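# Residue-level structural notes
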Amino acid sequence: MNTWTIPKRLAYFLVAGGLACTGSTPLGPTDSDSSTSTTTGGETSTTTTTTTTTTTSTTTSSTTGVEPCINDAPLCLRLGGIALAGRRIGALAPLSADNDGYSGLVAATDKGLYLLANPGDGTLVEQAIKDSEGVWGALAVGDLNGDGEDDIVAARNAKMGETTAAIVVFLGTAGDFKLTTTIEQVKASGLALADINGDSALDVLASLSADGVLEIRHGDGKGGLLQASTLASGLAPTLLTASALDSDPVDDIAIINTGSATLGTSLVVDGKLSEVVTYALPGTPRALTATSLDGFMQNLLVTSESLNQLSIYTAKSNGSLSIPTVYDLAATPRGVVAADFTGDSKIDVSIALPGQNTVSFWLNKGDGTLYHYTTYAVSTDPSTLVALRINDDARVDLAIGSDGLEGGVHLLLSDP
C-alpha cells in the first residue's frame, strides 16, 4: 500500500447509504429533473422562539440537452469497473493523495472496513482493514496524531454476534491502519473532524440521532480522544460537516436534522461551539456538503428527499445563512458532491437519485448558479458519492457506493 500525504485540515462526513453502477448508458436530461430554481427559506434558533419570515422568488436557468461525449460536450463520463461487489456500502470517504497524486478511498460496509487503493489506471484495489469485522456506517478521515498520515474514525453499528455500537479510531502508518481506540455504546449517525479548541489537534464530532445532540470529543494530538461534551442539535441529527462559515478561517459545524427537517449551524467562538441555530428545510434532508460555488462565499448544499429538491445556502460574514436557492430534482435524491467535473475551474454538482437509479449532473454557469446538464443511468440504489481522480486524464471522476442488494463501489470515469 502507498503512504498517503495528508493536508493539515481535513474533514469528511457520511451516514449509512450508497449506490451501485453496472453497465448502462448515459441519458440526456430527464423530464423530472427541472432546471427551474426557486428561492425559499426560514430560520429558527434553539436559543430563541423568534422565526424569520419566509420569502419566495422564482428564476429560470437554462438547460443543455446534448448527449455526453458528443460534439465536444463539456462533460464526458463513462462507466468503469466495480469494487466490493456484494457488500452494502454504508459510507465512503477519500484518503489523501499518495506520491503519484491519486487519492484512495475508505469504505464502510456491512462486512467490515476496506481500503480502496487507487493506482491511477481507472481501477480500485480493495483491501480489508484488520480488526474491522462487523457493520459500519459513518466515516471521518484526517491526521489525528500529527504524523502526516491519514487516520480513520468510523462508526460501528454492530459487531459480529453483538449489537453494541461504537466509535472506533484506526491510526494510519505507511498505508496500513491499526485499531487503537474504541468508545463503546455510542451510536453515531454522522462524523466530522475539526480543530475546535485551537490546539492544532483534530477533534471528533459525532451526531447522535437517538439523543438529538452533537457530541464533541477533543483529540489529545496523539490519536486519543478525551471526555465527551454534548450540544443540543435538533430532532434526529444525521450528517454533519466542518467548514468555515463566518469571516474567520476556523472550521465551524453544519448538521442536518432529519426528524425536524432543519439545517443547523454552530460557530466556533473562543475555542468553543456556539449553540446551534436551525434553518427550516423544504423537506426531509438526506445529504449535506460544503463548497464555494462562486469561489468567494461558502455554500451549504442539502438534498431533501420528500420534496425532491436541492437547497443551496450561502454563508454570510457573520456565519448566518442566506435564504436558499432551491432546485427541483428527480425522484428521491440522496448523496450530493461538489467538484469541477468539466475542467473549467468552476465547481459543479452531482446528485445521486436512487428513485431513478441515476446520477444527475448540474453545471456551474459561472456565477455560482447551476443548470441541469445530463443524467447517467447507473445500477440500483445510488446514494453515496465521492469526487476524485481515478484515471490519468487530469479530470475529476466519480466513485459511487451502493447500500442496495448489489452493493459495491462503481466508477464513473471522465472521458474528455
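Because the structure is a prediction, the values reported are computed rather than measured.

## Things to note about the sheet that holds strand β34 (residues 409-414)
- Strand order in the open sheet formed by 4 strands is β5-β34-β33-β32, with antiparallel pairing between adjacent strands. Bordering the open sheet on either side are β5 (77-83) and β32 (382-388), each of which pairs with just one other strand. Neighbour to neighbour, the strand axes of the sheet diverge by 25 degrees on average, direction disregarded.
- Relative to β34, strand β33 (residues 397-402) is paired through 4 bridges, and the arrangement is antiparallel. Considered in β34, the bridge of L398 is made with L412.

## Some thoughts on the confidence of the model for the chain
- The share of residues in the chain with pLDDT of 70 or more is 83%, and the mean pLDDT across the chain is 84.
- Note on residues 1-32: pLDDT under 50 across the span, and 158 contacts to partners over four residues away in sequence or across chains.
- Segment residues 34-68 is flagged for pLDDT under 50; beyond a separation of four residues in sequence, or across chains, it makes 89 contacts in the model.

## Focus: the sheet that holds strand β17 (residues 225-232)
- Judged by pairing direction, the sheet is antiparallel, and its 4 strands sit side by side in the order β14-β15-β16-β17 without closing on themselves. Each of the sheet's edge strands pairs with one partner strand only, and the pair in question is β14 (190-194) and β17. Direction aside, the axes of adjacent strands within the sheet are offset by 20 degrees on average.

## Digging into the environment of A192
- Residue placement: A192 occurs in strand β14.
- With a relative accessible area of 0%, A192 lands in the buried category.
- Sequence separation between A192 and L139 is 53 residues, and the spatial gap between their C-alpha atoms is 7.7 Å.

## Comments concerning the pattern of salt bridges
- Scanning all chains against the criterion turns up 5 salt bridges.
- Put simply, R156 and E184 hold a salt bridge, and the shortest N to O gap is 3.1 Å. A residue pair is termed long-range when its members are at least 10 positions apart, and R156 in strand β11 (residues 151-158) and E184 in strand β13 (residues 176-184) qualify at 28 residues.
- When its relative accessible area of 42% is taken as the criterion, E184 is described as partly exposed.
- Between K346 and D344 there is a salt bridge, with the nearest N and O atoms lying 3.0 Å from each other.

Rules and cut-offs
- Residues numbered from 1 in each chain as written.
- Predicted model: local features only at pLDDT ≥ 70, side-chain atom pairs only at ≥ 80, totals over all residues.
- Heavy atoms only, no water.
- Pairing = 2+ DSSP bridges.
- Helix = DSSP H or I, 4+ residues; strand = E, 2+ residues; numbered from the N terminus.
- Axes fitted to C-alpha atoms, helices over the stretch in contact; angles between N-to-C directions.
- pLDDT = per-residue confidence, 0-100.
- Contact = heavy atoms within 4.5 Å.
- Buried < 20%, exposed > 50% of the residue type's maximum accessible area, 1.4 Å probe, protein only.
- Salt bridge = Lys/Arg side-chain N within 4 Å of Asp/Glu carboxyl O.

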